[in-house]
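Structure at a glance
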Amino acid sequence: MWLFERKFGFFIGKIVDFFLDPIPKFLFTKNMKKRYYDNMRKSQPQLDDLFYGKKRGFSIGLAHHNFGAFYSIYPCFFSFVIEGLYIKCNGEMNTFIISIIFFIPIGICSIPSYKAVFSNDKYLQYFKQFEKEDEHWHKKWKRRTIAFILGAIASLLLGIITAYAIVIS
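Residues numbered from 1 in each chain as written. Predicted model: local features only at pLDDT ≥ 70, side-chain atom pairs only at ≥ 80, totals over all residues. Heavy atoms only, no water.

Attention now moves to the overall build of the protein chain. Helix and strand content of the protein chain: 8 helices and 0 strands. Taken from the N to the C terminus, the helices and strands of the protein chain come in the order α-α-α-α-α-α-α-α. Taking all 169 residues of the protein chain together, 25% fall into the buried category. Nonlocal contacts in the protein chain, meaning residues at least 24 apart in sequence, comprise 68% of its contacts between residues at least 6 apart. Accessible area of the protein chain: about 12,300 Å², with a carbon and sulfur share of 69%. (Helix = DSSP H or I, 4+ residues; strand = E, 2+ residues; numbered from the N terminus. Buried < 20%, exposed > 50% of the residue type's maximum accessible area, 1.4 Å probe, protein only. Contact = heavy atoms within 4.5 Å. Areas by Shrake-Rupley, 256 points an atom, 1.4 Å probe, with all protein chains shown as cover.)

Structural data, given as structure tokens:
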């Protein structure tokens, strides 16, 4: 997910550069152009660290968020089934109880994933291993990540359908 975020960031950066590059080329004087390009060259490492840094960059934060979001979708299946059973048995929809039923399985299941990946910056060790591996290994993990995301979406849809079927029956 982090590599996708980086590639997407580079792509967006190229689009932004395409639209902003004509400004210094055509509107700046020679001295202003020189200062602008010098400042850009000097600040580029800081910008790269801000956006793509492994420890605290924007892309790692976004990847962390996306991982948590997709991982949290898997327990949604159980949450929807439990909610469907609650509504079927009680015949009412108490918003507070429905919220608690929904978020308890998600919270319980998110703790192990967070501990395995993000506690004590373990993901940095995964990055080191990731950089050592060959292209075949990278492709295998790219397929696994895509399957993980599609499985999460399928789990969400299946949970909604199952809860609906329980309530109607």
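Structure's up, so let's keep going.
This next bit is on the pattern of salt bridges. In the structure shown here, the tally under the stated rule is 2 salt bridges. Two residues, Lys34 and Asp38, come together in a salt bridge whose shortest N-O distance is 3.3 Å. Here Lys34 and its partner Asp38 are both found in helix α3 (residues 30–52), 4 residues apart, which amounts to about one turn of the helix. Overall, the relative accessible area of 55% leaves Lys34 in the exposed class. Across the pair Arg41 and Asp38 runs a salt bridge, and its minimum N-O distance is 3.4 Å. On the criterion of helical spacing, the pair formed by Arg41 and Asp38 is a turn pair, its members being 3 residues apart in helix α3. On the accessibility criterion, Arg41 (55% relative accessible area) is exposed. Residues joined by salt bridges that share partners form a network here, namely Lys34, Asp38 and Arg41. (Salt bridge = Lys/Arg side-chain N within 4 Å of Asp/Glu carboxyl O.)

Our next topic: the confidence of the model for the protein chain. Considering every residue of the protein chain, the mean pLDDT works out to 79; 88% of them sit at 70 or more. For the protein chain, helix α7 (residues 122–132) is the element with the lowest average pLDDT, namely 73, and helix α8 (residues 135–168) is the one with the highest, namely 87. (pLDDT = per-residue confidence, 0-100.)

The next point concerns the side chain of Ser155. Tracing the sequence through the fold places Ser155 in helix α8. If sequence neighbours within four positions are ignored, Ser155 has contacts with Ile73, Tyr74 and Phe77.

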